[in-house]
Protein chains: 2
Amino acid sequence: MERSLEIFNRLVRELLADEAQNPVAEYIPSRHLYQRLDLKLQKDGISALELEKSLKDLVFTTPRTATNAFFNQLFGGRQDKAILGDLLSVVLNNSMYTYKAAGPQIGVEKVVLREVCDMIGWGKNSDGTLAPGGSMTNFMGMLMARDAYNEKTKHEGVQQKMTVYTSIEGHYSTSKNAAFTGIGRDHVRKIATDAKGRMDNAVLRKTIQEDIANGLHPILINCTAGTTVLGAFDNLIEAKEIAKEYNIWLHVDGAYCGSVLFSAKHKHLIEGVENVDSFTLNAHKMLGTPLGCSLIVVKDKTHLHNSFSNDASYLYQTDHDEFNLGKTSIQCGRRNDALKLWVLWKSVGTNGLENIVDKQFELANTARKYVRGNSDYTDYSIDDAVSVCFNYKGIPAEEICTLLYEHSQLLVGYGSFKEDTFIRLVTINATNENEDILKFFKTMETFVAEHEALFT
Amino acid sequence: MERSLEIFNRLVRELLADEAQNPVAEYIPSRHLYQRLDLKLQKDGISALELEKSLKDLVFTTPRTATNAFFNQLFGGRQDKAILGDLLSVVLNNSMYTYKAAGPQIGVEKVVLREVCDMIGWGKNSDGTLAPGGSMTNFMGMLMARDAYNEKTKHEGVQQKMTVYTSIEGHYSTSKNAAFTGIGRDHVRKIATDAKGRMDNAVLRKTIQEDIANGLHPILINCTAGTTVLGAFDNLIEAKEIAKEYNIWLHVDGAYCGSVLFSAKHKHLIEGVENVDSFTLNAHKMLGTPLGCSLIVVKDKTHLHNSFSNDASYLYQTDHDEFNLGKTSIQCGRRNDALKLWVLWKSVGTNGLENIVDKQFELANTARKYVRGNSDYTDYSIDDAVSVCFNYKGIPAEEICTLLYEHSQLLVGYGSFKEDTFIRLVTINATNENEDILKFFKTMETFVAEHEALFT
């Protein structure tokens with residue numbers, strides 16, 4: 001282990017030093033990948049020295065997601081205490097299904113989930129679990145909705161035509177999950193949004209009524225807290241009224257922005273969350289932990305047990321079920337994804353997590369102000385979002401984003417809303433400062449000025 | 001980062017030094033957990049010094065899965081090169097859905113999957129992906145089987161009574177997954193096994209015929225390569241004949257022991273694997289990488305696309321689909337679980353992986369020989385398995401395993417097969433030596449001798 005730890009430490013220190021100078025890695029076109037890098041596997045092992053050389057090349061050419069030039073994904077930056085926790089998870093290598101195999105790490109996960117439930121305002125009957133990513137926690141929400149609607153389904157299979165509802169701006173995993181659960185993609189109703197990207201609840205109600213009239217069975221309303229493109233928040237209070245009226249499960253996909261729960265200033269964006277049935281947030285997005293750290297919490301924990309518990313006498317051999325987390329997990333063996341969040345939380349406190357969230361809105365405000373105050377830009381942003389959407393000098397967003405990527409200048413993506421396509425800058429890296437955001441614009445402007453020929 | 005890396009290095013070095021002396025951590029009864037350890041989260045952050053103290057206490061009391069006294073799970077030990085790879089994954093923090101976000105790490109995953117497909121003997125039309133654990137890769141196998149049987153299912157939902165087949169010794173995730181996919185647990189046929197724990201293929205054929213006669217639709221035969229308790233291997237050649245005759249998808253759950261693929265000496269145990277439709281193996285089991293590293297490979301990659309691809313224009317913005325791995329993944333954002341296996345493989349070569357697998361059978365033979373040569377033991381083992389099953393002096397297995405755990409002596413579990421319950425020793429930690437196995441028996445015997453009063 002000693003030698004491998006030394007290699008790890010050398011590589012990370014070299015990477016950190018290089019990142020400070022070069023926030024964007026060398027761009028390797030995918031068609032050149034296997035020529036540029038030695039990724040081959042072979043019959044015989046290689047020396048530690050050769051391995052380190054090969055690894056250094058790989059590490060240095062890997063996209064840098066933690067720097068002040070990475071704005072491409074709904075995650076970014078590096079909360080070092082969270083990394084500390086995740087590095088320890090790797091070395092400890094516990095599987096989180098039983099107390100016997102994970103010991104106090106079970107307590108780590110339970111404390112984190114309890115705290116989140118308490119912050120929502122839920123009582124003792126609430127609980128939660130972790131799953132590898134928001135698609136998976138949303139999948140769990142849909143399964144619980146399906147099984148709560150008809151508990152025979154898990155035993156006898158799907159026997160009814162069930163329908164689920166999400167906004168047209170909701171994450172694509174709703175469709176994917178509808179296929180997975182046997183509900184079917186055709187039974188996902190993609191509800192229109194208002195001008196600010198929020199689900200139109202009048203349309204939602206009307207669609208549900210039509211489906212019922214047609215003999216279909218509505219089982220799930222999926223609200224989004226932070227849509228993928230605009231970062232919009234659906235109105236949970238209105239959605240709950242509808243869910244209650246028609247007895248439908250209400251799940252909130254807060255994978256992207258559910259962590260506003262931690263912010264006194266911004267938690268009004270999920271007002272009414274205490275009345276929903278299940279709620280998902282990804283700590284690896286707004287809270288800045290490494291991938292993956294996706295939580296799902298449930299107002300009534302019975303549903304977790306109903307949909308996910310299994311007899312496995314060879315596995316659950318000691319301690320009470322409450323400490324054998326495999327009973328409420330979608331997985332069997334499962335890595336310790338809670339420790340990274342716990343170490344960060346323990347280290348910076350709830351107040352520190354609040355600061356991390358608030359910082360992102362501050363950075364977004366800086367970006368929006370810049371865009372709105374500069375006539376070279378067209379603004380497509382909504383307020384109260386950590387996605388900032390705009391175009392520059394009328395250049396097509398796809399063109400400028402691709403060229404910035406291929407020239408190793410910036411990693412940023414584009415998105416569409418209704419008729420418009422635009423650059424989408426996400427300010428989710430709370431280790432950035434306002435000047436990093438201004439530097440983003442400067443870098444882009446300079447690039448366009450110096451490469452005029454490319455943009456004609 | 002610097003300070004957190006220092007803490008990490010100190011904690012790991014202290015842990016490694018302590019593990020060498022104390023292979024089993026202090027046992028904390030779950031009812032004392034919150035008194036014994038400070039797991040509370042609070043409003044204000046704490047100092048790095050306080051954090052390190054708190055973390056040390058947690059790390060030192062966490063079950064030690066890598067030592068020569070851990071035989072409790074279907075994983076164990078520490079392949080340090082794989083750990084190096086996983087530590088780097090944490091720091092690099094790429095999401096594996098796009099080439100833009102993951103760059104050459106996409107190549108890492110593709111190379112590993114290609115190599116596994118080649119070893120099976122599959123051509124260019126094969127492919128694979130990673131998912132977080134064997135339950136999830138088996139879930140993917142079931143989904144592909146379901147969608148291949150009736151491609152309308154993913155659009156229109158489940159409309160037929162479908163049935164799936166696995167042995168009574170197969171993993172419980174088959175039932176769980178049947179609930180998830182809308183097939184229903186009641187439609188899982190648990191086929192009887194022969195005396196050595198292998199699915200009885202005559203019973204399988206008869207059951208399929210009955211189901212067809214009753215108007216049901218058989219869609220999946222799930223064979224197991226390494227059953228959870230005995231470590232038995234189903235006969236793939238016979239199963240394939242049946243699958244072919246009735247046009248049923250054949251999946252192999254090799255989560256536990258599919259890695260015999262790497263061993264010239266033992267790969268006969270999965271003879272015929274080249275003719276199955278999909279195959280799962282967990283590198284975090286036999287190959288000794290940290291959790292999780294579960295691969296699923298598919299003979300015809302069309303099925304991966306059919307069941308898992310989605311339009312997500314905001315996501316797939318550059319490069320060819322073949323480099324945007326999100327198109328064939330069950331997840332959206334996804335950590336880099338391939339790098340740990342790649343670093344290990346690159347470092348020790350295919351020959352080195354073979355040695356890792358072979359070592360486990362060697363250790364198992366040592367254990368079986370000891371048990372069979374000692375009249376205090378009752379042997380329940382099958383040959384050709386890395387699970388070694390036995391009882392000692394007629395003491396109930398549950399009793400002895402629980403006491404060894406609560407006295408921090410050994411972590412080992414028990415299992416049942418037909419009428420018998422017994423201790424199940426898994427020799428999956430290839431960093432152990434034959435003397436570690438003999439020490440296991442010695443420790444248990446000494447414990448029983450010194451605690452006679454507990455066993456009356």
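Residues numbered from 1 in each chain as written. Chains lettered and ligands numbered in written order. Predicted model: local features only at pLDDT ≥ 70, side-chain atom pairs only at ≥ 80, totals over all residues. Heavy atoms only, no water.

**Q** Let's hear about the overall build of chain A: which residues, and what values?
**A** On a plain count of helices and strands, chain A comes out with 15 helices and 12 strands. Rg of the C-alpha trace for chain A: 23 Å, near the compact-globule value of 23 Å for 456 residues, within the 12% margin. Here the C-alpha coordinates of chain A stretch approximately 60 × 55 × 45 Å along the principal axes. In chain A, which comprises 456 residues, the share counted as buried stands at 67%. In chain A, the share of contacts with a sequence separation of at least 24, taken over all contacts with a separation of at least 6, comes to 71%. (Helix = DSSP H or I, 4+ residues; strand = E, 2+ residues; numbered from the N terminus. Rg over C-alpha atoms; globule rule 2.2 N^0.38 Å. Buried < 20%, exposed > 50% of the residue type's maximum accessible area, 1.4 Å probe, protein only. Contact = heavy atoms within 4.5 Å.)

**Q** Mind laying out the relation of the copies chain A and chain B, listing which residues take part and the relevant values?
**A** Once chain A has been moved 0.0 Å along the axis and rotated by 180°, it coincides with chain B to within an RMSD of 0.0 Å. Within this description, the copies of the chain are treated as partners about a two-fold rotation axis. When you check the interface residues of chain A against chain B, 100% turn up at the interface there too, and the contact is symmetric in its surfaces. (Least-squares fit on C-alpha atoms with pLDDT ≥ 70 in both.)

**Q** For the interface of chain A and chain B, give the residues involved together with the corresponding values.
**A** With 139 residues of chain A at the contact, the number on the chain B side is 140 residues. Overall, the association of chain A and chain B removes approximately 12,500 Å² of surface from exposure, summing both partners, and the carbon and sulfur fraction of that is 60%. Of all residues in chain A, the largest losses of buried area upon contact with chain B belong to Leu 41, Lys 100 and Lys 346 of chain A, amounting jointly to 7% of the total for that side. Put simply, chain A and chain B have 4 salt bridges between them. Among the salt bridges present, the one from Arg 13 of chain B reaches Glu 2 of chain A, with a minimum N-O distance of 3.1 Å. Inspection of the region where chain A meets chain B yields 67 residue pairs in polar contact (both at pLDDT 80 or more). By residue number, the principal contributor to the side of chain A that touches chain B is helix 1 (residues 2-21) of chain A, which donates 11 residues. Considering only residue class, the side of chain A that touches chain B consists of 68 nonpolar, 45 polar and 26 charged. (Buried area = accessible area lost by both parts, 1.4 Å probe. Salt bridge = Lys/Arg side-chain N within 4 Å of Asp/Glu carboxyl O. Polar contact = N/O pair within 3.5 Å; in protein donor to acceptor, adjacent residues only side chain to side chain. Nonpolar A, V, L, I, M, F, W, Y, C, P; charged D, E, K, R; others polar.)

**Q** Tell me about the pairing of strand 5 (residues 217-224) of chain A, residues and numbers included.
**A** Residues and elements named next belong to chain A. Summarising burial for strand 5: 7 of the 8 residues are buried, a large majority. Sheet topology note: the strand 3 (residues 162-167)/strand 5 ladder contains 5 bridges and is parallel. In the strand pairing of strand 5, Tyr 165 is matched with Ile 221. For strand 5 and strand 6 (residues 249-254), the ladder comprises 5 bridges, and the chain directions are parallel. Each residue of the ladder has a partner; that of Asn 222, found in strand 6, is His 251. (Pairing = 2+ DSSP bridges.)

**Q** Give a description of the packing of helix 1 of chain A against helix 1 (residues 2-21) of chain B that names residues and reports values.
**A** One way to put it is that helix 1 of chain A packs onto helix 1 of chain B with a least axis distance of 12 Å and a crossing angle of 175°. Judged by the angle between their axes, helix 1 of chain A and helix 1 of chain B are roughly antiparallel. Contacts between helix 1 of chain A and helix 1 of chain B involve Glu 2, Leu 5, Phe 8, Asn 9, Val 12, Arg 13 and Leu 16 of chain A from the first element and Glu 2, Leu 5, Phe 8, Asn 9, Val 12, Arg 13 and Leu 16 of chain B from the second. In terms of residue class, the contact of helix 1 of chain A with helix 1 of chain B is built from 8 nonpolar, 2 polar and 4 charged. (Axes fitted to C-alpha atoms, helices over the stretch in contact; angles between N-to-C directions. Parallel < 35°, antiparallel > 145°, perpendicular 65-115°, else oblique.)

**Q** Could you give me a rundown of the packing of aromatic side chains, with the residues and numbers involved?
**A** If you walk through the whole model with that rule in mind, you get 39 aromatic pairs over all chains. Seen from their ring centres, Phe 71 of chain A and Phe 440 of chain A are 5.1 Å apart, and the 75° between their planes marks the pair as edge-to-face. Of the two residues, Phe 71 of chain A is situated in strand 1 (residues 70-71) and Phe 440 of chain A in helix 15 (residues 434-450); the sequence distance between them amounts to 369 residues. Phe 440 of chain A gets classed as buried once you look at its relative accessible area, which sits at 1%. On the numbers, 5.6 Å between centres and 65° between planes, the contact of Tyr 377 of chain B with Phe 390 of chain B is edge-to-face. Pair noted here: Tyr 377 of chain B is in strand 9 (residues 377-379) and Phe 390 of chain B is in strand 10 (residues 387-392), with a separation of 13 residues, a long-range link. (Phe/Tyr/Trp six-rings, centres within 6.5 Å; stacked < 30°, edge-to-face > 60°.)

**Q** Please set out the sheet that holds strand 8 (residues 294-298) of chain B residue by residue, giving values where relevant.
**A** Residues and elements named next belong to chain B. Pairing is mixed in the open sheet, where 7 strands are placed in the order 2-8-7-6-5-3-4. In this open sheet, the two strands that pair with only one neighbour each are strand 2 (127-131) and strand 4 (188-191). When the angles between neighbouring strand axes are averaged without regard to direction, this sheet yields 20°. One ladder, built from 5 bridges, connects strand 7 (residues 278-282) with strand 8; its direction is antiparallel. Its bridge partner lying in strand 8, Phe 279 is registered against Val 297.

**Q** Any chance you could break down the sheet that holds strand 1 (residues 70-71) of chain B for me, citing the residues and the numbers?
**A** Residues and elements named next belong to chain B. A sheet is described by the order of its strands in space; here 5 strands give the open sequence 1-11-12-10-9, paired in mixed fashion. Whereas interior strands pair on both sides, the edge strands pair on one side only; in this sheet they are strand 1 and strand 9. With 2 bridges connecting them, strand 1 and strand 11 (residues 411-417) associate as parallel partners. Paired with Phe 71 across the strands is Val 412, a residue of strand 11.

**Q** I'd like a rundown of the pairing of strand 10 (residues 387-392) of chain A, residues and numbers included.
**A** Residues and elements named next belong to chain A. Within strand 10, 6 of the 6 residues are buried, leaving the element largely enclosed by the surrounding structure. Residues of strand 10 alternate between two faces, with Ser 387, Cys 389 and Asn 391 on one and Val 388, Phe 390 and Tyr 392 on the opposite face, all of them buried. The pairing of strand 9 (residues 377-379) with strand 10 spans 3 bridges and is antiparallel. In the sheet register, Tyr 377 faces strand 10, and the bridge partner there is Tyr 392.

**Q** Hey, could you go over the pattern of salt bridges for me, with residue numbers and the actual values?
**A** Residues and elements named next belong to chain A. Counted by the stated rule, this structure contains 50 salt bridges over all chains. Note that Glu 433 and Lys 359 form a salt bridge whose closest N and O atoms lie 3.0 Å from each other. With a gap of 74 residues between them, Glu 433 in the loop between strand 12 (420-426) and helix 15 and Lys 359 in helix 13 (residues 339-372) connect regions that are remote in the sequence. Look at Glu 433 and you get partly exposed, because its relative accessible area is 35%. Using a relative accessible area of 14% as the deciding quantity, one classes Lys 359 as buried.

**Q** How would you sum up the domain arrangement of chain A? Please name residues and give values.
**A** Assigned domains within chain A: domain 1 (2-64) and domain 2 (94-343). Centre-to-centre separation of domain 1 of chain A and domain 2 of chain A, based on C-alpha positions: 38 Å. (Domains from an automatic or database assignment.)

**Q** With reference to specific residues and values, describe the state of the cysteines.
**A** Residues and elements named next belong to chain A. Following the criterion strictly, the structure yields 0 disulfides over all chains and no others. Among the cysteines around Cys 223, which has no disulfide bond, Cys 257 carries the closest sulfur, lying 14 Å off. Given a relative accessible area of 0%, Cys 223 falls into the buried group. (Disulfide = S-S within 2.5 Å.)

**Q** Got a sec to walk through helix 14 (residues 397-406) of chain B? Specific residues and values, please.
**A** Counting buried positions along helix 14 of chain B gives 7 out of 10 residues, so the element sits mostly inside the fold. Taken together, the buried positions of helix 14 of chain B are Ala 397, Ile 400, Cys 401, Thr 402, Leu 403, Leu 404 and Tyr 405 of chain B. Of the surrounding secondary structure, the elements contacted by the buried residues of helix 14 of chain B are helix 5 (99-102) of chain A together with strand 10, strand 11, strand 12 (420-426) and helix 15 (434-450) of chain B. The positive-phi residue at the C-terminal boundary of helix 14 of chain B is Ser 408 of chain B, with phi of around 55°.

**Q** Would you mind going over the environment of Leu 281 of chain B in detail, with residue names and values included?
**A** All names here are of chain B. Positionally, Leu 281 belongs in strand 7. Judged by relative accessible area, Leu 281 falls into the buried class, the value being 2%. The sequence separation of Leu 281 and Val 252 amounts to 29 residues, and the corresponding C-alpha distance is 8.8 Å. Here Leu 281 is in contact with Gly 254, Ala 255, Gly 258, Ser 259, Leu 261, Phe 262, Cys 293, Ser 294 and Leu 295, once residues within four sequence places are set aside.

**Q** How would you explain the packing of helix 7 (residues 134-149) of chain A against helix 9 (residues 173-180) of chain A if you had to name every residue and give the values?
**A** Residues and elements named next belong to chain A. Where helix 7 contacts helix 9, the two axes come as close as 9 Å, and the packing angle between them is 55°. Classed by the angle they form, the pair helix 7 and helix 9 counts as oblique. Handedness of the crossing formed by helix 7 with helix 9: right-handed. Residues Ser 135, Asn 138, Phe 139 and Met 142 of helix 7 touch helix 9, and the partners they reach there are Ser 173, Thr 174, Asn 177, Ala 178 and Phe 180. Taken together, the residues that form the contact of helix 7 with helix 9 break down as 4 nonpolar, 5 polar and no charged. (Left-handed = near helix turned anticlockwise from the far one by under 90°.)

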